[in-house]
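# Overview (structure and organization)
Chain by chain, the residues run as shown.
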Amino acid sequence: MTYVTIFSYLFGMKTILLALSILTAFLGRGRSGGEPILRADPYIFYENGTYYLYGTYSENGIAVMVSKDLKTWETPGGSDEWLALDKKDCYGEKWFWAPEVYKVGGRYVMFHSAEEHVCMAVADSPLGPFKGDGKPIVEEQGIDNYLFIDDDGTPYMFWVRFDNGNVIWMAQLTEDLRHPVPGTERFVLRPELPWETHITEGPFCIKHKGTYYLTYSGDDYRSQDYAIGYATAESLDGEWTKFDGNPIFCKPDGLVGTGHHSFFKDSRGRNRIVFHSHFSDTEVGPRRTLISRFKFKKAKAGAQDRLVISPDWQPLVTAEGH
């Protein structure tokens with residue numbers, strides 16, 4: 001007698017079918033296509049009905065995948081790998097990390113790290129080919145550069161410097177986005193709290209009701225407690241205050257090692273977040289790529305709204321056959 005037969009006898013077939021359907025839904029959560037996508041430090045750019053996914057993945061540069069619905073993804077042209085940025089066209093020979101793509105004017109700009117230096121490249125399409133000028137934005141080592149353009153059009157760069165740990169700095173950029181404006185470099189925040197250990201990295205800044213929210217990841221990415229927190233400032237020239245409820249996103253609903261995120265709006269204007277997690281609760285890599293939603297929870301008069309990330313995540317998967 002099989003286990004299903006025994007359970008059917010004891011509990012009834014309808015109960016068994018319901019239990020199996022729930023188990024199947026949990027194990028296959030979000031899967032509507034092929035294999036799970038394995039990109040660390042992910043970033044999604046949306047334009048004209050197409051989503052473009054970039055991340056830390058290839059030894060040869062920065063690869064890109066595309067989707068129409070955020071549910072299933074494929075490489076352009078059906079190839080195994082499409083390099084939006086080929087290492088022959090930019091600074092560095094290795095460690096192509098944390099890419100982010102923006103449309104500035106009529107061109108597309110990619111910020112990324114290469115050989116632990118912050119770099120930029122430009123292209124006429126989100127698919128590339130992106131090309132750099134062979135030099136990093138700053139001479140010293142650094143990673144995780146992020147472009148923030150304020151309401152008045154002034155561009156700023158947040159990035160991570162190495163100073164007894166990973167420390168976040170910022171600077172105003174020249175109009176061509178290739179250099180910091182001399183004298184504008186300033187310290188933002190460093191790891192000080194137990195959950196951050198020695199690392200604050202992956203900065204991403206958004207503005208809400210006149211307040212700047214700087215989100216970041218803390219702890220070593222290899223730690224299961226890798227997590228997301230944020231700090232706020234009323235001015236980019238002012239002091240940043242870490243939210244006293246940090247971290248705001250840690251081990252959501254069965255995941256571990258969740259962090260290095262970016263925010264974007266989907267085709268319906270909804271707030272989305274893309275991030276990575278460990279491959280499993282026993283293996284760090286290759287890291288998985290997942291999405292969820294975020295919102296600002298309205299606060300009482302005189303207080304700042306609270307940034308909240310939903311734990312109801314979904315994995316990104318390839319289209320069948322890709």
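Structure shown above.
Heads up: these notes are all about the structure in this document. (Residues numbered from 1 in each chain as written. Predicted model: local features only at pLDDT ≥ 70, side-chain atom pairs only at ≥ 80, totals over all residues. Heavy atoms only, no water.)

Most of strand β9 (residues 142–149) sits out of view: seven of its eight residues are buried. Bridging between β9 and strand β10 (residues 155–162) involves six bridges; their strand directions are antiparallel. Across the sheet, residue L147 finds its bridge partner in β10, namely M157. With antiparallel pairing between neighbouring strands as the criterion, β9 and β10 make up a hairpin whose turn holds five residues, including G153 at a positive phi of roughly 90°. (Buried < 20%, exposed > 50% of the residue type's maximum accessible area, 1.4 Å probe, protein only. Helix = DSSP H or I, 4+ residues; strand = E, 2+ residues; numbered from the N terminus. Pairing = 2+ DSSP bridges.)

On to unusual backbone geometry. The phi angle of most residues is negative, glycine excepted, and most peptide bonds adopt the trans form. The omega torsion across G128 and P129 is 5°, close enough to zero to call that bond cis. With respect to the element layout, P129 can be found in the loop between β8 (117–123) and β9. Backbone torsion omega between N246 and P247 reads -5°, so that peptide bond is classified as cis. In this structure, P247 sits in the loop between β16 (241–242) and β17 (259–265). Phi at N164 takes a positive value of approximately 55°, unusual for a residue other than glycine. Structurally, N164 can be placed in the loop between β10 and β11 (166–172). Its relative accessible area of 78% is what places N164 among the exposed residues. Although it is not a glycine, H260 adopts a positive phi angle of roughly 35°. Its location among the elements puts H260 in strand β17.

The next thing to look at is the sheet that holds β16. The sheet built from four strands is open, its strands ordered β13-β14-β15-β16 with antiparallel pairing. On the outer flanks of this sheet lie β13 (200–208) and β16, each paired with one strand and no other. Pairing analysis gives seven bridges linking strand β14 (residues 211–218) to strand β15 (residues 227–233), with the strands arranged antiparallel. For T215, the partnering residue across the bridge sits in β15 and is Y230.

Next up on the list: the sheet that holds strand β3 (residues 61–67). One key point about sheets: their strands pair by backbone hydrogen bonds, in either a parallel or an antiparallel sense. With respect to topology, four strands assemble into an open sheet ordered β1-β2-β3-β5, the strand pairing being antiparallel. One side of each edge strand has no neighbouring strand; the edge strands of this open sheet are β1 (40–47) and β5 (83–86). Strand-to-strand twist of the sheet, defined as the mean angle between neighbouring strand axes without regard to direction, takes the value 20°. Pairing geometry for β3 and β5, over three bridges, is antiparallel. By the bridge assignment, A63 is partnered in β5 with L83. (Axes fitted to C-alpha atoms, helices over the stretch in contact; angles between N-to-C directions.)

Scanning the entire structure with this criterion turns up 15 salt bridges. E192 is paired through a salt bridge with K242; the nearest N and O atoms lie 3.5 Å apart. Pair noted here: E192 is in the loop between β12 (186–189) and β13 and K242 is in strand β16, with a separation of 50 residues, a long-range link. A residue is classified by how much of its surface remains accessible, and E192, at 59% relative accessible area, is exposed. D220 is paired through a salt bridge with R222; the nearest N and O atoms lie 2.7 Å apart. With a relative accessible area of 15%, D220 lands in the buried category. Overlapping salt bridges bring together K88, D89 and K131 as one network. (Salt bridge = Lys/Arg side-chain N within 4 Å of Asp/Glu carboxyl O.)

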